[in-house]
Amino acid sequence: LVSTAHQLGLSGVMVTEHDGWPRYDFDAFAREQDLVLVRALELYTPLGHVITMGLDGHVVGYGEDLETIRRLRDEVDRVGGFMILAHPFRFLFDLPNYTQNMLYRDADKVPQSADEAAQHPVFELVDEVEVVNGGGTPRETRFAYDVVNVLGRNGTGGSDAHSAAGLGKGTTSFVGDIRHERDLIDAIRSGEFHAVQDFHVGRPVPYAKEPPAPS
């Protein structure tokens with residue numbers, strides 16, 4: 001991870017894992033590298049995966065859909081953390097009969113516009129929404145971008161890398177110097193950032209004002 005990040009020219013990496021990382025092991029390793037490494041969680045919820053900063057592990061079970069997210073929100077607020085809804089529209093367009101999307105599993109309820117999708121109550125419970133995901137399709141990315149515009153958010157980018165080859169497919173560009181997790185949370189809260197696609201191939205596409213038209 002560190003070697004590939006250096007080769008790509010990344011200044012930092014958020015390392016997320018579904019089951020978490022031992023804080024003492026991860027922090028000790030990070031201090032030895034010439035790279036900012038931020039430890040986070042990608043928590044399972046009934047409404048999809050939520051990237052969470054500030055927690056050391058799972059704090060809620062599956063439970064009921066929105067109630068689980070509300071409990072997670074309370075715990076994150078308690079520690080001054082941050083929540084990003086990851087790849088919210090993954091598999092949304094696998095129609096005609098059903099989707100595997102966590103927000104809209106019934107094909108008859110798939111939103112027909114970004115305005116309609118933005119009405120989902122989950123967006124009121126998270127701080128940000130991932131726009132660019134390394135495993136996403138152009139249609140999913142464009143739709144996510146349109147939804148965050150309706151919501152008045154910026155939208156983040158993430159590689160969702162499961163191998164060195166996936167690192168940098170989705171990134172987030174920030175203004176200023178980020179040295180650790182608290183800096184990153186403060187930078188996201190400032191709103192001075194935007195999602196970037198294709199950093200890994202040297203052709204970064206910023207999703208700041210208007211993304212490229214889908215091919």
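Above this note sits the structure.
Everything numeric in this text was worked out from a predicted model, so none of it was measured.

Turning next to the sheet that holds strand β9 (residues 205-207). Spatial strand order, β7-β8-β9: three strands in an open sheet with antiparallel pairing. Each edge of the open sheet is held by one strand with a lone partner, namely β7 (170-174) and β9. Pairs of neighbouring strands in the sheet enclose a mean axial angle of 35°, with direction left out of account. Two strands pair when backbone bridges link them, and strand β8 (residues 193-197) and β9 are joined in this way by three bridges, in the antiparallel orientation. What sits directly across from alanine 195, in β9, is tyrosine 207.

The subject of this paragraph is the nonpolar core. If you look at the biggest cluster of nonpolar residues, it comprises 34 residues, and the most contacted ones within it are Leu72, Phe89, Leu103, Phe123 and Val147. Within the residue set of this core, elements represented by two or more residues are β2 (36-45), α3 (65-78), β4 (82-85), α4 (114-117), β5 (128-133) and α5 (138-151). Those residues in contact with leucine 103 that lie beyond four places of it in its chain are Leu47, Leu85, Pro88, Phe89, His120, Val122 and Phe123. Core analysis: the next-biggest nonpolar cluster, separate from the first, contains 14 residues, Val38, Ala40, Ile185 and Ala187 among them.

Of all the six residues making up strand β3 (residues 48-53), five are buried; the element is thus mostly covered by neighbouring parts of the structure. Sheet topology places β2 next to β3; five bridges connect them, and they run antiparallel. Bridge pairing in β3 links threonine 45 to glycine 48. What sits between the antiparallel neighbours β2 and β3 is a turn of two residues. Bridge analysis of β3 against β4 gives four bridges, and the strand direction is antiparallel. Counterpart to methionine 53 in the pairing with β4 is phenylalanine 82.

Moving on, we get to the side chain of glutamate 130. For glutamate 130, the position within the fold is in strand β5. No salt bridge is formed by the buried glutamate 130; the nearest opposite charge belongs to arginine 90, separated by 6.0 Å. One polar contact links the side chain of glutamate 130 to the main-chain amide nitrogen of histidine 87, over a distance of 2.8 Å. For glutamate 130, the residues in contact, after removing those within four places along its chain, are Ile51, Ile84, Leu85, Ala86, His87, Pro88, Ala144, Thr156, Gly157 and Gly158.

A separate point is the pattern of salt bridges. Applying the stated rule across the entire model yields eight salt bridges. Residues arginine 39 and aspartate 56 are paired through a salt bridge, measuring 3.4 Å at the closest nitrogen-oxygen approach. In this pair, arginine 39 sits in strand β2 while aspartate 56 sits in the loop between β3 and α3, placing the two residues 17 residues apart along the sequence. Overall, arginine 39 belongs to the buried group, its relative accessible area being 7%. Salt-bridge contacts for aspartate 127 lead to arginine 73; the nearest nitrogen and oxygen are separated by 3.1 Å. Of this pair, aspartate 127 sits in the loop between α4 and β5 while arginine 73 sits in helix α3, placing them 54 residues apart in sequence. Here the residues in one salt-bridge network are Arg73, Asp77 and Asp127, joined through shared partners.

About the thresholds
Residues numbered from 1 in each chain as written. Predicted model: local features only at pLDDT ≥ 70, side-chain atom pairs only at ≥ 80, totals over all residues. Heavy atoms only, no water. Pairing = 2+ DSSP bridges. Helix = DSSP H or I, 4+ residues; strand = E, 2+ residues; numbered from the N terminus. Axes fitted to C-alpha atoms, helices over the stretch in contact; angles between N-to-C directions. Core = buried A, V, L, I, M, F, W, Y, C linked by side-chain atoms within 4.5 Å. Buried < 20%, exposed > 50% of the residue type's maximum accessible area, 1.4 Å probe, protein only. Contact = heavy atoms within 4.5 Å. Lys, Arg positive; Asp, Glu negative; His and termini not counted. Salt bridge = Lys/Arg side-chain N within 4 Å of Asp/Glu carboxyl O. Polar contact = N/O pair within 3.5 Å; in protein donor to acceptor, adjacent residues only side chain to side chain.

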